[in-house]
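# A structural walkthrough
One letter stands for each residue in the lines below.
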Amino acid sequence: MDNPVIRPRRLRTSPALRRLASETRLNPADLVLPLFVREGITEPVPIQSMPGVSQHSIDSARRLVTEAAEAGIGGVMLFGVPEVRDAIGSGATDPDGILNVATRALVAEAGDALVVQTDLCLDEFTDHGHCGVLTQDGRVDNDATLERYRDMARAQAASGSQLLGLSGMMDGQVAAVREALDGDGYQDTALLAYSAKYASAYYGPFRDAVESTLEGDRRTYQLNPANRREGVREALIDIAEGADVVMVKPAGSYLDVLADVAAISDIPVWAYQVSGEYAMIEAAAAHQWIDRRRAVEESVLSIRRAGAAVVLTYWAVELANWLTEKRS
Ligand code: PBG
């Protein structure tokens, strides 16, 4: 047998060569930290199913934003956990609702160091836990929900949010919110469309984090995990409706959808590494069954490799600090 002439291993022979030949890189600026702000608390409250992640008071959230800015990450995505919920999610549109109050405080704290973004969805604010308002017979009313989203968008823009994360999966939500914002003079408030958001078991720990009251599931609005083509369709619709960024979520189990969307999109494509993805790695690492740091880095790198320009991840700050520490 002849010796091989073609030797791909050549580019793997030293750390410096491997680094130079690397096709994908991670940078702090590509990371966004989801952040939970809870009404009525003065100290952070740890989230059982997400070791290392807490619900924050406004003050502790301020400190975290400062830390995030120092780590050099690109932004934070705010979620509100209100004390009181009702059928239409009034807290979402109330200027004194927790998410809007937190947005004003954190936009002031962040200045130009990072982008403060807000989740635009009703599920944290409704007593039934659905992402929209319900009809008499208990179904999610798409078009009535759009009216709530318009109001929520105006409230968030007025609070200073620069990028609204539309995560409710209602048909027509991007166009409706865009029109409402433009009509109120908020032409520069950008829209991040959670275009391909799947009805996923991996949101479990998040629902603890926001103390979700949901009974049943979201399968009449979030995507069927079996559907790849439909994920691309949703992204195309959101691009046509005027989204500034499209997103795929969860990330790790949907890298095929992410790669497809990245291939067709002419606007930035992001991905959300969700709470269950975080919890699985943390749980395995706590047992010393995997190397925590390597698993975290590999999981986020893989999401970037599949086509995400930016990754929302609960490890954003820690990972950013590792990346800077490595470089120096
Ligand atoms: C809805 C929303 C959810 C997540 C982000 N936005 C939950 C859901 O759709 O049930 C999940 C994020 C995560 O699991 O980390 N507002």
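Residues numbered from 1 in each chain as written. Predicted model: local features only at pLDDT ≥ 70, side-chain atom pairs only at ≥ 80, totals over all residues. Heavy atoms only, no water.

## Side note on the side chain of Asp119
By the secondary structure assignment, Asp119 is in strand E5 (residues 115-120). For the buried Asp119, no salt bridge exists, and the shortest N-O distance to an oppositely charged side chain is 6.0 Å, to Lys249. Reaching out from Asp119, the side chain makes a polar contact with the side chain of Ser167 at a distance of 2.7 Å. Contacts of Asp119, omitting those with residues within four sequence positions, involve Met77, Leu78, Phe79, Leu99, Glu124, Met152, Gln156, Gly165, Ser167 and Tyr194. (Helix = DSSP H or I, 4+ residues; strand = E, 2+ residues; numbered from the N terminus. Buried < 20%, exposed > 50% of the residue type's maximum accessible area, 1.4 Å probe, protein only. Lys, Arg positive; Asp, Glu negative; His and termini not counted. Salt bridge = Lys/Arg side-chain N within 4 Å of Asp/Glu carboxyl O. Polar contact = N/O pair within 3.5 Å; in protein donor to acceptor, adjacent residues only side chain to side chain. Contact = heavy atoms within 4.5 Å.)

## Section: the packing of helix H10 (residues 275-286) against helix H11 (residues 292-305)
Working note: a packed helix pair is described by the angle between its axes plus the distance between those axes. Where H10 contacts H11, the two axes come as close as 9 Å, and the packing angle between them is 160°. Looking at the two axes, H10 sits roughly antiparallel to H11. In this structure, the crossing between H10 and H11 has a hand that is right-handed. For the pair H10 and H11, the contacting residues are Ile281, Glu282 and Ala285 in the first and Arg292, Ala295, Val296 and Ser299 in the second. (Axes fitted to C-alpha atoms, helices over the stretch in contact; angles between N-to-C directions. Parallel < 35°, antiparallel > 145°, perpendicular 65-115°, else oblique. Left-handed = near helix turned anticlockwise from the far one by under 90°.)

## Considering helix H6 (residues 173-183)
Of all the positions in H6, only Gln173, Val174, Ala176, Val177, Arg178, Ala180 and Leu181 are classed as buried. Of the surrounding secondary structure, the elements contacted by the buried residues of H6 are E5, helix H5 (142-158), strand E6 (163-166), strand E7 (190-197) and helix H8 (229-241). Gly185, located one to two residues past H6, shows a positive phi value of around 85°.

## Digging into the pairing of strand E9 (residues 269-272)
The alternating pattern of E9 places Val269 and Ala271 on one face and Trp270 and Tyr272 on the opposite face, and all of these are buried. Looking at chain direction, strand E8 (residues 245-249) and E9 are connected through 3 bridges and run parallel. By the bridge assignment, Val248 is partnered in E9 with Ala271. Running through helix H9 (residues 255-264), the crossover from E8 to the neighbouring parallel element E9 is right-handed. Of the strand pairs in this sheet, E9 and strand E10 (residues 310-312) are connected by 3 bridges, and their pairing is parallel. Each residue of the ladder has a partner; that of Ala271, found in E10, is Val311. (Pairing = 2+ DSSP bridges. Right-handed = clockwise from strand over helix to strand, strands pointing away.)

## Description of H9
What sets the pattern is the α-helix's 3.6 residues per turn: residues three or four places apart point alike. Here H9 has its buried residues at Val257, Leu258 and Val261. Each buried residue of H9 sits inside an arc of 100° when the element is viewed along its axis, so together they form one side. In this structure, the buried side of H9 is in contact with E7, H8, E8, E9 and H11. (Arc of directions from axis to C-beta.)

## Focus on the nonpolar core
Counting 99 residues, the largest nonpolar core has Leu31, Leu35, Phe36, Ile73, Val76, Val177 and Tyr272 as the members making the most contacts within it. Those residues in contact with Val76 that sit more than four places away from it in its chain are Val32, Leu33, Leu35, Val65, Ala68, Leu114, Val115, Val116 and Gln117. (Core = buried A, V, L, I, M, F, W, Y, C linked by side-chain atoms within 4.5 Å.)

## Side note on the packing of aromatic side chains
Inspection of every chain in the model, using the stated rule, returns 9 aromatic pairs. Measuring from centroid to centroid gives 6.2 Å for Tyr272 and Tyr314, while their planes differ by 50°, and the two rings are tilted. Of this pair, Tyr272 sits in strand E9 while Tyr314 is found in the loop between E10 and helix H12 (316-327), placing the two residues 42 residues apart along the sequence. In terms of burial, Tyr272 and Tyr314 fall into one category: buried. Among the aromatic side chains, those forming a connected cluster through ring pairs are Phe36, Phe79, Tyr194, Phe206, Tyr272, Tyr278, Tyr314 and Trp315. (Phe/Tyr/Trp six-rings, centres within 6.5 Å; stacked < 30°, edge-to-face > 60°.)

## Some details on the side chain of Ser275
Take Ser275: it is sitting in helix H10. For Ser275, a relative accessible area of 1% translates into the label buried. Not counting chain neighbours up to four residues away, the residues in contact with Ser275 comprise Met50, Tyr202, Tyr203, Gly204, Pro205, Phe206 and Tyr314.

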